[in-house]
Amino acid sequence: MEIQSLDLKPVVQPLVAWYKMNKRDLPWRHDPTPYRVWVSEIMLQQTRVDPVIPYYLRFMERLPDVYALADCPEDELMKLWEGLGYYSRARNLQKAACRIVEAGSFPKDFEGWKALPGIGEYTAGAICSIALGLPTPAVDGNVLRVLSRVSGSFSDIMLPAVKKDFATALRRVYPPNQTSDFTQALMELGAIVCLPNGAPLCARCPLRALCTAEREGLIDRIPVKAEKKKRRIDKKTVLILRCGNKIALSRRPETGLLANLWEFPSLPGFVTEKELAERIQGLLGITRLESSTHLFTHIEWQMIGYELHLSCAPPGYEWVTIEEALFQKAIPSALRCYSNHLKNLRYEE
Ligand code: SF4
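Note that the coordinates shown come from a computational prediction; the quantities given were computed from them, not determined experimentally. (Residues numbered from 1 in each chain as written. Predicted model: local features only at pLDDT ≥ 70, side-chain atom pairs only at ≥ 80, totals over all residues.)

## Observations regarding the overall build of the chain
Put simply, the rule reads: Working definition: helices are DSSP H or I runs of at least four residues, strands are E runs of at least two. Numbering for both runs from the N terminus. Residue burial here comes from a neighbour count, namely the number of other C-beta atoms, placed from the backbone, that lie within 10 Å of the residue's own C-beta, with 20 or more meaning buried, 12 or fewer meaning exposed, and in between meaning partly exposed. By the convention adopted here, residues are in contact when the distance between their C-beta atoms, placed from the backbone, does not exceed 7 Å.
Scanning the chain for helices and strands turns up 15 helices and 7 strands. Counting only C-alpha atoms and orienting by the principal axes, one finds that the chain spans roughly 75 × 50 × 35 Å. Expressed as a percentage of the 349 residues in the chain, the buried residues total 33%. For the chain, restricting intrachain contacts to residue pairs at least 6 apart in sequence, the fraction spanning at least 24 positions comes to 68%.

The following block contains the structure:
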């Protein structure tokens with residue numbers, strides 16, 4: 001059967017009733033205003049719920065409304081986001097906040113939200129259904145897994161057309177006064193029952209009686225997901241350059257990966273201690289640090305590191321104290337291994 005003509009009406013009430021009884025107590029579910037839902041949805045993109053919670057609480061305390069967000073200095077915003085990754089999300093949040101302040105109010109419909117920076121179909125659908133009571137589906141990987149299994153669909157969920165077709169089928173059955181519960185119920189079932197990794201907890205699932213994959217033993221084969229392209233591997237040598245009580249940082253370029261964040265100087269490839277000793281002037285001492293790996297969506301950073309003591313501070317870097325680096329500069333979590341080394345140095349001093 002074509003996905004878009006699926007009849008999903010039978011899933012609605014069991015799912016909503018289950019959600020009301022079983023939903024997790026998450027901070028953005030209290031007082032779901034457009035601002036609070038929007039910020040939570042942006043933080044939750046590519047990031048699991050548990051690590052988001054403390055960031056969300058801190059963010060809301062410091063930036064409780066769209067005006068505070070629009071006014072926040074960029075360095076402070078990056079510091080609030082430090083460790084969450086995908087920093088363009090924070091920049092787009094602020095750009096969108098400025099537009100909302102300029103317009104004088106939040107958008108009232110799906111198209112209005114989707115026109116804002118950093119907001120795609122999924123996020124616009126989530127905000128409008130959760131905060132505005134509109135029948136706008138929010139179809140992500142969790143929802144696609146649940147719906148593919150329930151309907152027994154072997155269509156590749158990585159294809160945009162498949163996502164669109166499931167959204168069309170959902171739109172027809174949105175319960176008018178329960179749009180928020182229905183959207184969140186689908187997300188919640190995919191997150192805590194029809195699990196992304198490992199066996200689904202079918203015995204606890206409100207859709208079990210309706211589920212084709214469970215009935216026909218197809219759980220291992222559905223959803224169908226085409227393999228992603230392999231990540232590009234970038235090898236680098238990270239340097240913690242120290243001179244007196246200062247360390248060197250540099251700014252990343254204004255566009256691209258981790259744009260505008262602070263980082264430790266680095267050299268491409270894996271450089272040996274001997275090569276460093278030959279290349280770096282005024283070297284007083286060198287210590288090898290831990291190796292580390294960080295996965296981005298399309299790139300994998302493989303890193304080795306050194307701490308180097310120098311007799312003079314070479315130009316071209318921002319020389320800061322360890323305290324300043326840790327508490328005032330947003331350093332991406334990709335470099336956490338080396339930021340943690342700074343924390344240890346601070347305790348030693
Ligand atoms: S019955 Fe099992 S496979 Fe089907 S939707 Fe529920 S948890 Fe997923």
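## Remarks on the domain arrangement of the chain
Filter applied, for reference: Annotation comment: domain bounds sourced from an automatic or database domain assignment. The classification used treats Ala, Val, Leu, Ile, Met, Phe, Trp, Tyr, Cys and Pro as nonpolar, Asp, Glu, Lys and Arg as charged, and all other residues, Gly among them, as polar.
The domain architecture assigned to the chain consists of domain 1 (8–215) and domain 2 (232–348). Centre-to-centre separation of domain 1 and domain 2, based on C-alpha positions: 36 Å. Of the residues lining the interface, 8 residues belong to domain 1; the matching set on domain 2 comes to 6 residues. A per-element tally of the side of domain 1 that touches domain 2 places helix α5 (residues 74–81) first, with 3 residues. When grouped by side-chain class, the residues that make up the side of domain 1 that touches domain 2 number 2 nonpolar, 3 polar and 3 charged.

## As for the pairing of strand β5 (residues 283–295)
Along any regular strand the residues' side chains alternate between the sheet's two faces. Quick reminder of the rule: At least two DSSP bridges between two strands are needed for those strands to be called paired.
Judged by how many residues are buried, β5 sits mostly at the surface: 0 of 13 residues are covered. Bridge count between β5 and strand β6 (residues 299–310): 10 bridges; the pairing is antiparallel. For L283, the partnering residue across the bridge sits in β6 and is L310. Counted between consecutive antiparallel strands, the loop separating β5 from β6 contains 3 residues.

## Here we look at the nonpolar core
A general feature of soluble globular proteins is that nonpolar side chains tend to end up buried together. Basically, it comes down to this: For this analysis, nonpolar core means a set of buried Ala, Val, Leu, Ile, Met, Phe, Trp, Tyr and Cys residues linked through C-beta atoms within 7 Å.
Grouped together as the largest cluster of nonpolar side chains are 82 residues, with contacts concentrated most on L15, V39, I127, F166 and L186. Looking at which domains feed residues into this core, each of domain 1 (8–215) and domain 2 (232–348) gives three or more. Beyond its immediate chain neighbours, meaning those up to four positions away, F166 contacts I3, V139, L144 and L147.

## A closer look at the site of the ligand
Stated formally: All residues are tested the same way: a C-beta atom is placed from the backbone, and lying within 6 Å of a molecule or strand makes the residue near it.
Close to the ligand lie 15 residues, the nearest being C194, P200, C202, C205 and C211. Partitioning the shell around the ligand into residue classes produces 12 nonpolar, no polar and 3 charged.

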